[in-house]
Amino acid sequence: MSDHDIDPTSPRMAPKPEVTKIAGRELKPSTLMMGHGYDPVLSEGSLKPPIFLTSTFAFPSAADGKRHFEGITGKRPGGADGLVYSRFNAPNQEILEDRLSVWDGAEDALSFSSGMTAICVLMLAYASQNDVIVHSGPLYAASEGFVAKVLAKFGVTYVDFPAGATREEIDAVLEKAQTQADEQGGKVCMVYLESPGNPTNALVDIEAVRASVDAAQLDCPIAIDNTFLGPLWQRPLDQGADIVVYSLTKYVGGHSDLVAGSIAGAKKWMDPVRMLRNTMGGICDPNTAWMLMRSLETVELRMSRAGDNAAKVCNYLAKHPKVEGLGYLGMIKDARQQDIYDRHCKGAGSTFSLLLKGGEAECFRFLDALKIAKLAVSLGGTETLASHPASMTHLSVAEGRRAELGISDNLVRISIGIEDADDLIADFEQALEAV
Ligand SMILES: *Cc1c(COP(=O)(O)O)cnc(C)c1O
């Protein structure tokens, strides 16, 4: 501390209680993103949180050190009440986690170094030898691979069902999973969903899954990858999911300049995952946590603009003679999918699939002709991206399975950014001329 020190007895400089309500009005997430979980008074008045580059934290006393470790090791319930060591937690990550919880109405959140780290640690925390995971399909290819190839090494098997499945179909899948678990001598340890699915945008009926799991009296969490529509357009905890999973690399980070992930939910579901993260590591680093807080301040602005742009672009594309169809949530053709959308989603998002008349050659000519949209995988950034899943992100998926999932050779995946919508339409128009 220096002579810049402020008189701590000054009333202006006393730590302020957190404001989440004004005159009975609950403040909205967009407002809370500017200050929630951080008090400048504790950091020399710095308006933005400093980046805490430290591996370890000094204990006020030996007794405090003991108490903190009782929390970390689970000897005392409720977790650590102080900072210990940066593999467990640190200030930037704690503020980030507080802010992430706000969007999903979750009690607790955990940040990770990537979306896949979040997913792998989550599954490892719940799966024991010979257990069964029930999951919707399609999943992000690496998630599907982790279940089918990595967890398989420990005798964990899976049963999957197509995203659009009905209550009756989900009941039947859970029954099959329970039988499989009984035969293996394990249990059904998790129902893992991804909605909308990538790249087809097929939606899962979360409410039906909740009802099925309750009817089957399964004591396992329902987790859902909400990367495509969250945190703005879908809040799965409101539909009965227990754990929400994000690749923060996408819309939340939003600038294609970082890789991170998170999970959020009730404390009782987060605690086992926190314990495993304490052991394995995989927590997000402080620089990335800081960048994500910067990003969260504009996530509603960015997603709203990208969503408006996508609606305009899709209106144009839907009428184009070289376009066979669109997998866009703003133009659903199937009555059951529309019903799920109406119950679960507040907006159609800005990632969709474009089906061209033709096949791979036509898609490649289209992609190579684009001038504004960049040819890259990933999504949710400020810039528009386009890619060809069948030959890129889903190349490792067997051809038969690809067909089953609707990942055809004439499918281009597009993630619309926040550019000017008419400029984007002009770009797609000239690229379609090249097809
Ligand atoms: C990108 C992505 C992931 C993986 O996230 P990383 O941050 O790349 O590890 C998981 N699920 C979905 C739906 C994704 O789009």
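Residues numbered from 1 in each chain as written. Predicted model: local features only at pLDDT ≥ 70, side-chain atom pairs only at ≥ 80, totals over all residues. Heavy atoms only, no water.

**Side note on empty space enclosed by the protein**
Turning to step 1, where the next piece is worked out: Summed over all chains, the structure comprises two cavities of 30 Å³ or more.
Turning to step 2, where the next piece is worked out: Looking at the largest cavity, its volume works out to about 60 Å³.
Turning to step 3, where the next piece is worked out: The wall of the largest cavity is formed by Leu100, Trp103, Asp104, Ala109, Pro231, Tyr246, Val252, Ser262, Ile263, Ala264 and Leu296.
Turning to step 4, where the next piece is worked out: For the lining of the largest cavity, the secondary structure elements donating two or more residues are helix H3 (91-104) and strand E9 (261-265).
Turning to step 5, where the next piece is worked out: In the lining of the largest cavity, the residues fall into nine nonpolar, one polar and one charged.
Turning to step 6, where the next piece is worked out: Taken as a whole, the second largest cavity encloses approximately 40 Å³ of empty space.
Turning to step 7, where the next piece is worked out: Lining the second largest cavity are Tyr251, Gly254, Arg302, Met303, Ala306, Gly380, Gly381, Thr382 and Ile418.
Turning to step 8, where the next piece is worked out: Looking at the lining of the second largest cavity residue by residue, the class counts come to four nonpolar, four polar and one charged. (1 Å grid on protein atoms, 1.4 Å probe; cavity = no way out; pocket = protein on both sides within 12 Å on 5 of 7 lines; lining within 4 Å. Points joined across faces, edges and corners; volume = space filled by probe spheres on them. Helix = DSSP H or I, 4+ residues; strand = E, 2+ residues; numbered from the N terminus. Nonpolar A, V, L, I, M, F, W, Y, C, P; charged D, E, K, R; others polar.)

**Some details on the site of the ligand**
Turning to step 1, where the next piece is worked out: Taken together, 14 residues lie around the ligand, and Met116, Asp225, Ser247, Thr249 and Lys250 are the ones closest in.
Turning to step 2, where the next piece is worked out: Between a nitrogen atom of the ligand and a side-chain N or O atom of Asp225, the distance comes to 2.6 Å.
Turning to step 3, where the next piece is worked out: Interatomic distance of 2.8 Å between a side-chain N/O atom of Ser247 and an oxygen atom of the ligand.
Turning to step 4, where the next piece is worked out: Here the ligand, which alone exposes 380 Å², has 92% of that area covered by the protein.
Turning to step 5, where the next piece is worked out: Residues belonging to the shell around the ligand are distributed by class as follows: six nonpolar, five polar and three charged. (Near = heavy atom within 4 Å. Polar contact = N/O pair within 3.5 Å; in protein donor to acceptor, adjacent residues only side chain to side chain. Areas by Shrake-Rupley, 256 points an atom, 1.4 Å probe, with all protein chains shown as cover.)

**Considerations on the domain arrangement of the chain**
Turning to step 1, where the next piece is worked out: Its domain assignment divides the chain into domain 1 (92-296) and domain 2 (299-432).
Turning to step 2, where the next piece is worked out: Its C-alpha centre places domain 1 at a distance of 24 Å from the equivalent point of domain 2.
Turning to step 3, where the next piece is worked out: On the domain 2 side, the residues contacting the 38 residues of domain 1 number 40 residues.
Turning to step 4, where the next piece is worked out: Both faces considered, domain 1 and domain 2 share a buried interface measuring about 3300 Å² in area, 55% of it formed by carbon and sulfur atoms.
Turning to step 5, where the next piece is worked out: In terms of surface lost to domain 2, no three residues of domain 1 exceed Pro199, Trp233 and Tyr251, which account for 24% of the buried area on that side.
Turning to step 6, where the next piece is worked out: Joining domain 1 to domain 2, the criterion identifies five salt bridges.
Turning to step 7, where the next piece is worked out: A salt bridge links Glu144 to Arg401; its shortest N-O distance comes to 3.2 Å.
Turning to step 8, where the next piece is worked out: When residues of the side of domain 1 that touches domain 2 are traced back to their parent elements, those giving at least two are helix H5 (141-150), helix H7 (206-215) and helix H9 (286-296).
Turning to step 9, where the next piece is worked out: Taken together, the residues of the side of domain 1 that touches domain 2 break down into 18 nonpolar, 14 polar and six charged. (Domains from an automatic or database assignment. Contact = heavy atoms within 4.5 Å. Buried area = accessible area lost by both parts, 1.4 Å probe. Salt bridge = Lys/Arg side-chain N within 4 Å of Asp/Glu carboxyl O.)

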